[in-house]
Amino acid sequence: MGLLDGKVAIITGAGGGIGREEALLFAREGAKVVVNDLGGTRDGSGSSDAMAAQVAEEIKAAGGQAAPSFHSVATPEGAAKIVKTAVDAFGRVDILVNNAGIVRDKTLLKMDEGMWDAVIAVHLKGTFLCTQAAAKQMVAQGGGGRIVNTTSVSGMLGNFGQANYAAAKAGIYGLTRTAAIELQKQRITVNAVAPIAKTRLTEDLPMFQSAGDTLTPAHVAPAALFLASDLCADKTGNVLAVAGAQMYIYKVVQSPGKFKDEGGVWTAQEIADHWDAIIKL
Ligand code: NAI
(Lines give C-alpha, C1' and ligand atoms only; values in the text may rest on other atoms or scores of the structure.)
Protein backbone atom coordinates (compact mmCIF):
# COMPACT_ATOMS: atom_id res chain seq x y z
CA MET A 1 0.00 0.00 0.00
CA GLY A 2 1.39 3.37 -1.01
CA LEU A 3 0.38 6.66 0.57
CA LEU A 4 -0.77 7.94 -2.84
CA ASP A 5 -2.29 4.80 -4.35
CA GLY A 6 -4.72 5.73 -7.14
CA LYS A 7 -3.96 9.47 -6.91
CA VAL A 8 -3.05 11.63 -9.90
CA ALA A 9 -0.32 14.16 -9.12
CA ILE A 10 1.05 17.04 -11.16
CA ILE A 11 4.53 18.21 -10.18
CA THR A 12 5.83 21.32 -11.93
CA GLY A 13 9.55 21.75 -12.49
CA ALA A 14 10.00 18.03 -11.93
CA GLY A 15 12.75 17.52 -14.52
CA GLY A 16 15.51 18.05 -11.95
CA GLY A 17 16.40 18.97 -8.39
CA ILE A 18 13.69 18.84 -5.72
CA GLY A 19 10.80 18.32 -8.16
CA ARG A 20 12.44 15.22 -9.63
CA GLU A 21 12.84 13.66 -6.19
CA GLU A 22 9.22 14.48 -5.39
CA ALA A 23 8.07 12.89 -8.66
CA LEU A 24 10.09 9.70 -8.06
CA LEU A 25 8.85 9.42 -4.46
CA PHE A 26 5.21 10.12 -5.35
CA ALA A 27 5.38 7.43 -8.05
CA ARG A 28 6.91 4.94 -5.59
CA GLU A 29 3.97 5.73 -3.28
CA GLY A 30 1.49 4.77 -6.02
CA ALA A 31 0.69 8.11 -7.68
CA LYS A 32 0.30 8.54 -11.43
CA VAL A 33 2.55 11.52 -12.03
CA VAL A 34 2.55 14.31 -14.59
CA VAL A 35 6.20 15.31 -14.76
CA ASN A 36 6.16 18.93 -15.92
CA ASP A 37 9.31 20.83 -16.84
CA LEU A 38 10.04 23.56 -19.36
CA GLY A 39 13.62 22.31 -19.50
CA GLY A 40 15.45 25.63 -19.57
CA THR A 41 18.51 26.87 -17.70
CA ARG A 42 18.45 27.98 -14.08
CA ASP A 43 17.77 31.60 -15.07
CA GLY A 44 14.77 30.50 -17.12
CA SER A 45 16.23 30.90 -20.61
CA GLY A 46 15.75 28.23 -23.26
CA SER A 47 13.58 25.13 -23.20
CA SER A 48 13.88 21.43 -23.94
CA ASP A 49 11.71 18.33 -23.68
CA ALA A 50 14.62 16.26 -22.40
CA MET A 51 14.36 16.86 -18.63
CA ALA A 52 10.68 16.03 -18.15
CA ALA A 53 10.87 13.15 -20.63
CA GLN A 54 13.80 11.58 -18.81
CA VAL A 55 12.16 11.66 -15.36
CA ALA A 56 8.91 10.27 -16.79
CA GLU A 57 10.94 7.44 -18.37
CA GLU A 58 12.73 6.80 -15.06
CA ILE A 59 9.38 6.40 -13.31
CA LYS A 60 8.08 4.04 -15.98
CA ALA A 61 11.29 1.99 -15.95
CA ALA A 62 10.78 1.49 -12.20
CA GLY A 63 7.25 0.19 -12.83
CA GLY A 64 5.36 3.42 -12.15
CA GLN A 65 3.00 5.53 -14.24
CA ALA A 66 4.01 8.94 -15.59
CA ALA A 67 3.27 11.40 -18.37
CA PRO A 68 5.64 14.21 -19.34
CA SER A 69 4.57 17.82 -19.86
CA PHE A 70 6.83 20.42 -21.40
CA HIS A 71 4.66 23.51 -20.89
CA SER A 72 5.57 26.65 -18.98
CA VAL A 73 3.75 27.31 -15.74
CA ALA A 74 3.99 31.03 -16.40
CA THR A 75 1.21 31.39 -18.99
CA PRO A 76 -2.52 30.60 -18.75
CA GLU A 77 -2.19 28.39 -21.85
CA GLY A 78 0.69 26.47 -20.27
CA ALA A 79 -1.13 25.96 -16.97
CA ALA A 80 -4.25 24.76 -18.80
CA LYS A 81 -2.20 22.30 -20.87
CA ILE A 82 -0.44 20.93 -17.78
CA VAL A 83 -3.81 20.11 -16.21
CA LYS A 84 -5.10 18.77 -19.55
CA THR A 85 -2.10 16.42 -19.73
CA ALA A 86 -3.16 14.91 -16.40
CA VAL A 87 -6.82 14.61 -17.39
CA ASP A 88 -6.02 13.14 -20.83
CA ALA A 89 -3.51 10.64 -19.45
CA PHE A 90 -5.06 9.68 -16.11
CA GLY A 91 -8.62 11.09 -16.03
CA ARG A 92 -8.36 13.50 -13.08
CA VAL A 93 -6.16 15.63 -10.80
CA ASP A 94 -5.83 14.94 -7.07
CA ILE A 95 -2.55 16.67 -6.23
CA LEU A 96 -0.67 19.69 -7.55
CA VAL A 97 2.85 20.50 -6.44
CA ASN A 98 3.90 23.99 -7.57
CA ASN A 99 7.66 23.59 -7.60
CA ALA A 100 8.96 25.16 -10.84
CA GLY A 101 11.42 27.95 -10.27
CA ILE A 102 14.25 30.08 -11.60
CA VAL A 103 16.68 32.60 -10.13
CA ARG A 104 18.00 35.91 -11.46
CA ASP A 105 19.90 37.30 -8.47
CA LYS A 106 21.08 40.93 -8.27
CA THR A 107 21.04 43.50 -5.54
CA LEU A 108 18.08 45.85 -5.52
CA LEU A 109 19.98 48.82 -6.91
CA LYS A 110 21.23 46.80 -9.90
CA MET A 111 18.13 44.72 -10.67
CA ASP A 112 16.46 45.53 -13.98
CA GLU A 113 12.77 45.13 -14.78
CA GLY A 114 13.33 42.02 -16.90
CA MET A 115 14.94 40.17 -13.97
CA TRP A 116 12.03 41.18 -11.75
CA ASP A 117 9.33 40.18 -14.25
CA ALA A 118 10.86 36.81 -15.19
CA VAL A 119 11.18 35.62 -11.60
CA ILE A 120 7.75 36.86 -10.55
CA ALA A 121 6.23 35.23 -13.67
CA VAL A 122 7.53 31.73 -13.01
CA HIS A 123 7.16 31.58 -9.22
CA LEU A 124 4.22 33.78 -8.27
CA LYS A 125 2.14 33.99 -11.43
CA GLY A 126 2.94 30.36 -12.28
CA THR A 127 1.79 29.21 -8.85
CA PHE A 128 -1.43 31.24 -9.21
CA LEU A 129 -2.17 29.98 -12.72
CA CYS A 130 -1.51 26.30 -11.99
CA THR A 131 -3.37 26.47 -8.67
CA GLN A 132 -6.41 28.01 -10.33
CA ALA A 133 -6.40 25.54 -13.24
CA ALA A 134 -5.94 22.50 -11.00
CA ALA A 135 -8.41 23.68 -8.36
CA LYS A 136 -11.09 24.23 -11.03
CA GLN A 137 -10.53 20.64 -12.16
CA MET A 138 -10.70 19.38 -8.55
CA VAL A 139 -13.96 21.25 -7.98
CA ALA A 140 -15.38 19.87 -11.26
CA GLN A 141 -14.53 16.37 -9.98
CA GLY A 142 -16.62 17.03 -6.87
CA GLY A 143 -14.01 18.55 -4.60
CA GLY A 144 -11.14 17.21 -2.54
CA GLY A 145 -7.48 17.63 -3.33
CA ARG A 146 -4.04 18.68 -2.18
CA ILE A 147 -2.03 21.66 -3.36
CA VAL A 148 1.58 21.98 -2.23
CA ASN A 149 3.35 25.24 -3.02
CA THR A 150 7.05 25.98 -2.72
CA THR A 151 8.22 29.02 -0.84
CA SER A 152 11.62 29.81 0.64
CA VAL A 153 13.49 31.24 3.58
CA SER A 154 14.18 34.13 1.19
CA GLY A 155 10.49 34.94 1.04
CA MET A 156 9.80 34.31 4.71
CA LEU A 157 12.78 36.18 6.15
CA GLY A 158 14.47 38.02 3.23
CA ASN A 159 17.86 37.41 1.61
CA PHE A 160 20.59 39.62 0.21
CA GLY A 161 20.54 39.85 -3.60
CA GLN A 162 17.10 38.27 -4.07
CA ALA A 163 14.53 41.09 -4.06
CA ASN A 164 12.66 39.54 -7.01
CA TYR A 165 12.82 35.96 -5.71
CA ALA A 166 12.01 36.93 -2.11
CA ALA A 167 9.02 39.01 -3.25
CA ALA A 168 7.76 36.09 -5.35
CA LYS A 169 8.21 33.58 -2.54
CA ALA A 170 6.58 35.90 0.01
CA GLY A 171 3.72 36.30 -2.48
CA ILE A 172 3.41 32.52 -2.60
CA TYR A 173 3.03 32.55 1.18
CA GLY A 174 0.11 35.02 0.92
CA LEU A 175 -1.39 33.03 -1.94
CA THR A 176 -1.10 29.81 0.07
CA ARG A 177 -2.87 31.36 3.06
CA THR A 178 -5.69 32.79 0.95
CA ALA A 179 -6.16 29.71 -1.23
CA ALA A 180 -6.26 27.59 1.95
CA ILE A 181 -9.12 29.73 3.27
CA GLU A 182 -11.04 29.90 -0.01
CA LEU A 183 -10.70 26.23 -0.97
CA GLN A 184 -11.41 24.77 2.47
CA LYS A 185 -15.10 24.29 1.73
CA GLN A 186 -14.12 22.27 -1.36
CA ARG A 187 -11.95 20.00 0.87
CA ILE A 188 -8.81 21.13 -0.96
CA THR A 189 -5.86 21.69 1.37
CA VAL A 190 -3.21 24.23 0.40
CA ASN A 191 0.15 24.13 2.17
CA ALA A 192 3.72 25.01 1.26
CA VAL A 193 7.19 23.59 1.66
CA ALA A 194 10.19 25.81 2.32
CA PRO A 195 13.16 23.67 1.34
CA ILE A 196 16.90 24.02 1.62
CA ALA A 197 18.76 21.60 -0.64
CA LYS A 198 21.78 21.43 -2.88
CA THR A 199 20.53 21.73 -6.47
CA ARG A 200 21.61 23.62 -9.59
CA LEU A 201 19.88 26.69 -8.11
CA THR A 202 21.96 26.67 -4.94
CA GLU A 203 25.13 24.61 -5.51
CA ASP A 204 27.37 27.68 -5.81
CA LEU A 205 26.35 29.05 -2.38
CA PRO A 206 29.07 28.70 0.29
CA MET A 207 26.78 26.81 2.71
CA PHE A 208 26.54 23.90 0.27
CA GLN A 209 30.28 23.51 -0.32
CA SER A 210 30.75 21.43 2.81
CA ALA A 211 27.22 20.03 3.02
CA GLY A 212 28.05 16.69 1.43
CA ASP A 213 24.92 14.54 1.41
CA THR A 214 23.28 16.26 4.39
CA LEU A 215 21.11 18.77 2.45
CA THR A 216 19.69 16.91 -0.55
CA PRO A 217 16.43 17.02 -2.53
CA ALA A 218 15.75 13.52 -1.15
CA HIS A 219 15.48 15.09 2.32
CA VAL A 220 12.80 17.48 0.98
CA ALA A 221 10.57 15.10 -0.97
CA PRO A 222 8.96 13.42 2.09
CA ALA A 223 7.75 16.83 3.35
CA ALA A 224 5.93 17.35 0.04
CA LEU A 225 4.62 13.76 0.21
CA PHE A 226 3.22 14.36 3.69
CA LEU A 227 1.44 17.54 2.56
CA ALA A 228 0.14 15.76 -0.58
CA SER A 229 -1.19 12.72 1.27
CA ASP A 230 -4.26 12.02 3.37
CA LEU A 231 -2.00 12.22 6.46
CA CYS A 232 -2.49 15.96 5.93
CA ALA A 233 -6.26 15.95 5.32
CA ASP A 234 -6.90 18.16 8.39
CA LYS A 235 -4.00 20.58 7.88
CA THR A 236 -4.08 23.61 5.61
CA GLY A 237 -2.30 26.94 5.29
CA ASN A 238 0.97 25.71 6.78
CA VAL A 239 4.56 26.28 5.68
CA LEU A 240 6.64 23.20 6.42
CA ALA A 241 10.35 23.89 6.19
CA VAL A 242 12.96 21.19 5.70
CA ALA A 243 16.72 21.44 5.70
CA GLY A 244 18.32 18.02 5.71
CA ALA A 245 17.38 16.25 8.94
CA GLN A 246 15.68 19.35 10.40
CA MET A 247 11.91 19.84 9.98
CA TYR A 248 10.30 23.09 11.22
CA ILE A 249 7.60 25.61 10.33
CA TYR A 250 7.39 29.26 9.34
CA LYS A 251 4.44 31.40 10.36
CA VAL A 252 3.67 35.10 10.54
CA VAL A 253 2.97 36.14 14.12
CA GLN A 254 0.97 39.10 15.40
CA SER A 255 2.08 40.64 18.67
CA PRO A 256 -0.65 41.22 21.29
CA GLY A 257 0.20 44.89 20.81
CA LYS A 258 -0.65 47.82 23.01
CA PHE A 259 -3.72 50.06 23.25
CA LYS A 260 -3.08 53.73 23.80
CA ASP A 261 -3.86 54.26 27.48
CA GLU A 262 -6.28 57.12 26.94
CA GLY A 263 -7.60 55.71 23.60
CA GLY A 264 -7.61 57.73 20.38
CA VAL A 265 -4.91 58.38 17.81
CA TRP A 266 -1.24 57.57 18.45
CA THR A 267 1.35 60.23 17.72
CA ALA A 268 4.61 59.21 16.03
CA GLN A 269 6.47 60.17 19.21
CA GLU A 270 4.20 57.92 21.30
CA ILE A 271 4.88 55.02 18.91
CA ALA A 272 8.61 55.58 19.42
CA ASP A 273 8.16 55.80 23.20
CA HIS A 274 6.13 52.56 23.40
CA TRP A 275 7.97 50.60 20.68
CA ASP A 276 9.13 47.83 23.02
CA ALA A 277 5.57 47.20 24.27
CA ILE A 278 4.12 47.28 20.73
CA ILE A 279 6.51 44.62 19.40
CA LYS A 280 6.55 42.37 22.48
CA LEU A 281 5.41 38.82 21.59
P1 NAI B 1 15.96 23.31 -10.08
O2 NAI B 1 16.46 24.35 -10.99
O3 NAI B 1 16.68 22.01 -10.06
O4 NAI B 1 14.41 23.01 -10.33
C5 NAI B 1 13.50 23.93 -10.84
C6 NAI B 1 12.88 23.33 -12.08
O7 NAI B 1 11.84 24.19 -12.57
C8 NAI B 1 13.89 23.18 -13.22
O9 NAI B 1 13.95 21.84 -13.64
C10 NAI B 1 13.35 24.10 -14.31
O11 NAI B 1 13.60 23.65 -15.63
C12 NAI B 1 11.88 24.17 -13.98
N13 NAI B 1 11.24 25.36 -14.53
C14 NAI B 1 11.72 26.63 -14.55
N15 NAI B 1 10.86 27.47 -15.15
C16 NAI B 1 9.78 26.72 -15.50
C17 NAI B 1 8.55 27.02 -16.14
N18 NAI B 1 8.27 28.28 -16.55
N19 NAI B 1 7.66 26.03 -16.34
C20 NAI B 1 7.95 24.76 -15.94
N21 NAI B 1 9.12 24.40 -15.35
C22 NAI B 1 10.02 25.38 -15.12
O23 NAI B 1 15.97 23.95 -8.59
P24 NAI B 1 15.40 23.42 -7.20
O25 NAI B 1 16.33 23.89 -6.17
O26 NAI B 1 15.06 21.98 -7.27
O27 NAI B 1 14.07 24.30 -7.04
C28 NAI B 1 12.78 23.75 -6.88
C29 NAI B 1 11.93 24.75 -6.12
O30 NAI B 1 12.41 24.86 -4.77
C31 NAI B 1 11.94 26.17 -6.70
O32 NAI B 1 10.66 26.74 -6.59
C33 NAI B 1 12.91 26.89 -5.79
O34 NAI B 1 12.70 28.28 -5.78
C35 NAI B 1 12.57 26.23 -4.46
N36 NAI B 1 13.57 26.39 -3.44
C37 NAI B 1 14.77 25.74 -3.52
C38 NAI B 1 15.70 25.90 -2.51
C39 NAI B 1 16.97 25.14 -2.51
O40 NAI B 1 17.71 25.24 -1.49
N41 NAI B 1 17.30 24.38 -3.55
C42 NAI B 1 15.48 26.82 -1.39
C43 NAI B 1 14.17 27.41 -1.36
C44 NAI B 1 13.28 27.21 -2.37
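Remember, it's a predicted structure, so these values are computed and weren't measured experimentally.

1. Comments concerning the domain arrangement of the protein
Item 1. Here the protein is partitioned into domain 1 (8-250) and domain 2 (255-281).
Item 2. Inter-centroid distance (C-alpha atoms) of domain 1 to domain 2 is 40 Å.

2. As for the environment of G126
Item 1. With respect to the element layout, G126 can be found in helix α4 (residues 113-140).
Item 2. Given the relative accessible area of 3%, G126 is considered buried.
Item 3. Along the primary structure G126 and M115 are separated by eleven residues, whereas in three dimensions their C-alpha atoms are 16 Å apart.
Item 4. Not counting the four nearest positions on each side in its chain, G126 is found in contact with V73, A74, N98 and A121.

3. Considerations on the pairing of strand β8 (residues 246-250)
Item 1. Here five bridges tie strand β7 (residues 239-243) to β8, and the two strands are oriented antiparallel to one another. Residue pairing in the sheet places V239 in a bridge with Y250 of β8.
Item 2. Counting the residues in the hairpin turn of β7 and β8 gives two residues, including G244, whose phi is positive at 60 degrees.

About the thresholds
Residues numbered from 1 in each chain as written. Predicted model: local features only at pLDDT ≥ 70, side-chain atom pairs only at ≥ 80, totals over all residues. Heavy atoms only, no water. Domains from an automatic or database assignment. Helix = DSSP H or I, 4+ residues; strand = E, 2+ residues; numbered from the N terminus. Buried < 20%, exposed > 50% of the residue type's maximum accessible area, 1.4 Å probe, protein only. Contact = heavy atoms within 4.5 Å. Pairing = 2+ DSSP bridges.

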